[in-house]
Amino acid sequence: MTNPIDSVFHETGRNAIRLPGPALAAFYLGVVLLPLAVALFGRAAPADPWERAAAALGMIAVVAMAVQFVTSGRFNRVSCHLGIDKIMAFHKIAAWWVLVAVVLHPLLYVLPTWLEAPTLGYERLEIYLTSPHYRSGVVAWAAFALLLVTSLLREQLPWRYEVWRATHLPLGVLAVAGSLHHAFAAGRFTAASPLPSLWLAAGAAVAVVVGVLYGWRWLKLHRRPWRLTGVLRVADRMWELQVEPAPGTPPLVYRAGQFVWLTVGRRRFPLLDHPFSLSDSPLDPGSRLIIKEVGDFTSKVGELEPGTPIGLDGPYGEFVLEGSEAEAVILIAGGVGIAPIMGLLRDMLARGERRPVRLAFAVGAPANFACLGEIEAARAHLDLRVLLLSETPAPDYRGEVGRLDRQRLSTLFEGLDPARSVVLMCGPGGMVTAVSDALLDVGMPMDRILYERFDYAAGSSRQDRRRARRLAAIGVGLALGVAMFALASS
């Protein structure tokens, strides 16, 4: 039986009011710029505009760091408005805003002095960086810079994924704690305004977020375990896990196409989890996940024994068909990106989908095709046409060879109106960005292309660049807020 509390929470999240992008951007700006508004009510002595700008950068950096904990993609109340791809794009861009703020914070303080006497300016900067009075600020600066650098170089570092995750959290906490201590110990506006209450609230909010993510969710992983009931090889180095709730654990209430964070055995701790798409219909009992061996944890997935305790945290994501009023559905999968696509396909079968469905499945080699028998069987129940595409040939492979280019997409859309269709695509970053742009070239509206990717290593699509321009407007808003505070009279 479904836990009533879980059901209410799920339905509340599903039916929650979804603010448009500009409203969310305005809300973010209001939260991050709030300390500047509060500081204006203080009685700090007049200062040079550059010093006021330096103080403003420090204050918004404190709040922006705290907000980063919420925009990490682990809170459905935040990510449900945007989807995981958009929320992670924002999380990464906002990290650069914070870095710019913390770097410029001490430099702008010494700029007036440096302009009058460069040697004295250098000496003043040295004091800021070495004096015990400012040490917590320097620690916060170093922690955040190290956090950002290790995130950018994660694929190049000789670290396991779990090691990187284990460093990301303490560095983030250290950056926030150090910046809050610095604000109390050295903040001139803090000492002469109601800001202390705001800093305490920011610190408490981060503590609550960390407690929920790594305390409450750890408890849930152990109090509501799942069990592995089967492991099936579905392609070369690709496995499908069948999991079911243990006695006393409520069923997972989710929408086809969403994903969960999975942990295994005694390692059921949020810092050790990995994201995997659900590849089943919510109408079917239990859940299935398709996982590919790519190293670290996944290299052992085929060796898991039935009965192994499993931890599931979720569901997350907005890669769903539910609510779409499109006249046709286009599903595009690249490699293991077939996982959420199979969830959507299985759900359409379970619900008796009547709209035309087109599926393009592209892989690097024919051995990487998964679930072909099931896909072929679905054609008897759906208005389904399938395009199988391999980048390389094989002796017994009779399908198409090459990439999913504009010409093949045009063929996929034969008999359909792109403007009245919806595309759901999942795959490696390079494929997703290239196919997304090609879809625009065949007349697909940008707002009807929904994609998720499992890496961000290759370029950006036109949709990514439009999103980046919109996010840049938030950065401009932050800069204007700092400028207005710097020029405001005391």
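Below: a short report on this structure. All values reported here derive from a predicted model rather than from experimental measurement. (Residues numbered from 1 in each chain as written. Predicted model: local features only at pLDDT ≥ 70, side-chain atom pairs only at ≥ 80, totals over all residues. Heavy atoms only, no water.)

Some remarks on the pattern of salt bridges
One pass over the full model with this rule turns up 23 salt bridges. One salt bridge connects E240 with R288, and the closest N-O pair in it is separated by 3.9 Å. Here R288 lies in strand β5 (residues 287-292) and E240 lies in strand β2 (residues 238-245), a separation of 48 residues in the sequence. The exposure class assigned to E240 is buried, which follows from its relative accessible area of 8%. Residue classification places R288 among the buried residues on the basis of a relative accessible area of 19%. The salt bridge involving D417 is made with R420; its shortest N-O contact spans 3.5 Å. (Salt bridge = Lys/Arg side-chain N within 4 Å of Asp/Glu carboxyl O. Helix = DSSP H or I, 4+ residues; strand = E, 2+ residues; numbered from the N terminus. Buried < 20%, exposed > 50% of the residue type's maximum accessible area, 1.4 Å probe, protein only.)

So, the packing of aromatic side chains
One pass over the full model with this rule turns up eleven aromatic pairs. Grouped by ring-pair contacts, the aromatic residues Y28, F90 and W97 constitute a single cluster. The ring of F485 has R52 lying over it, and the distance from NZ or CZ to the ring centre is 4.6 Å. (Phe/Tyr/Trp six-rings, centres within 6.5 Å; stacked < 30°, edge-to-face > 60°. Lys NZ or Arg CZ within 6 Å of the ring centre and 35° of its normal.)

A closer look at the sheet that holds strand β10 (residues 400-401)
Spatially, six strands are ordered β10-β9-β8-β7-β11-β12 in an open sheet, and the strand pairing comes out parallel. Across the chains shown, the open sheet's two edge strands, defined by having one partner strand only, are β10 and β12 (449-453). Across two bridges, the pairing between strand β9 (residues 384-390) and β10 is parallel. Considered in β10, the bridge of S390 is made with V401. Across the sheet, helix α12 (residues 338-351) touches β7 (328-334), β8 (357-363), β9 and β11 (421-427), and the angle it forms with β7 is around 150 degrees. (Pairing = 2+ DSSP bridges. Contact = heavy atoms within 4.5 Å. Axes fitted to C-alpha atoms, helices over the stretch in contact; angles between N-to-C directions.)

Some remarks on the side chain of T190
Considering the arrangement of structural elements, one finds T190 in helix α10 (residues 188-191). According to the relative accessible area criterion, T190 is buried, its value standing at 6%. With near-sequence residues (within four places) excluded, T190 lies in contact with A183, F184, L195, P196 and W199.

Brief notes about the nonpolar core
Counting 63 residues, the largest nonpolar core has Y28, M59, L195, W199 and I474 as the members making the most contacts within it. Here this core gets 15 residues from one element, more than from any other, and that element is helix α4 (residues 49-70). Apart from the residues within four sequence positions on either side, I474 is in contact with A25, Y28, L29, F90 and W97. By size, the runner-up hydrophobic cluster in this structure holds 34 residues, among which are A326, M342, L345 and V363. (Core = buried A, V, L, I, M, F, W, Y, C linked by side-chain atoms within 4.5 Å.)

Examining unusual backbone geometry
Here G314 and P315 are connected by a cis peptide whose omega angle stands at 10 degrees. Assignment of secondary structure puts P315 in strand β6 (residues 309-316). Even without being a glycine, R237 presents a positive backbone phi close to 60 degrees. Its location among the elements puts R237 in the loop between β1 (226-235) and β2. The backbone phi angle of C371 is positive, close to 60 degrees, even though this residue is not glycine. Within the secondary structure, C371 sits in the loop between β8 and α13 (372-378).

Description of the pairing of β9
Across seven bridges, the pairing between β8 and β9 is parallel. By the bridge assignment, A362 is partnered in β9 with L389. Since β8 and β9 lie parallel, the crossover through α13 that links them has a hand, and here it is right-handed. (Right-handed = clockwise from strand over helix to strand, strands pointing away.)

Describing a positive patch on the surface
A cluster of like positive charges, contributed by K86, R465, R469 and R470, occupies part of the molecular surface. By secondary structure assignment, the location of R470 is in helix α16 (residues 462-487). By relative accessible area, R470 is classed as exposed at 53%. (Patch = residues over 30% accessible without salt bridge, like charges linked within 9 Å, V, L, I, M, F, W, Y side chains within 5 Å. Areas by Shrake-Rupley, 256 points an atom, 1.4 Å probe, with all protein chains shown as cover. Lys, Arg positive; Asp, Glu negative; His and termini not counted. Charge placed at Lys NZ, Arg CZ, Asp CG, Glu CD.)

Some points on the pairing of β1
In the sheet, β1 pairs with β2 via eight bridges, with the strands oriented antiparallel. Counted as the bridge partner of G230 is Q242 from β2. Where β1 folds back onto β2 in an antiparallel hairpin, the turn is made up of two residues, including R237, whose phi is positive at roughly 60 degrees. Here β1 runs beside β6; their pairing, made up of two bridges, is antiparallel. What sits directly across from R227, in β6, is P309.

Remarks on the environment of M444
On the secondary structure map, M444 appears in the loop between α15 (429-441) and β12. Sequence separation between M444 and A377 is 67 residues, and the spatial gap between their C-alpha atoms is 28 Å.

Side note on the environment of W218
Examined against the element boundaries, W218 turns out to sit in helix α11 (residues 195-223). A C-alpha to C-alpha distance of 9.3 Å links W218 and L271, two positions 53 residues apart in sequence. Setting aside residues no more than four positions away along its own chain, W218 makes contact with L213, R268, F269 and P270. Of note is the side chain of W218, whose polar atom sits 3.3 Å from the side chain of H222. (Polar contact = N/O pair within 3.5 Å; in protein donor to acceptor, adjacent residues only side chain to side chain.)

A word on α4
Between its first and last C-alpha, α4 extends 32 Å over 22 residues, near the 32 Å set by a 1.5 Å rise per residue. Most of α4 is tucked away, with 19 of its 22 residues classed as buried. (Expected span 1.5 Å × (residues − 1).)

So, the packing of helix α6 (residues 84-116) against helix α7 (residues 118-130)
Following both chains from N to C, one finds α6 and α7 inclined at 155 degrees, their axes separated by 6 Å at the closest point. With respect to α7, the axis of α6 lies roughly antiparallel. For the crossing formed where α6 meets α7, the hand is right-handed. Residues P106, L107, Y109, V110, T113, W114 and E116 of α6 pack against P118, L120, G121, Y122, R124, L125 and Y128 of α7. (Parallel < 35°, antiparallel > 145°, perpendicular 65-115°, else oblique. Left-handed = near helix turned anticlockwise from the far one by under 90°.)

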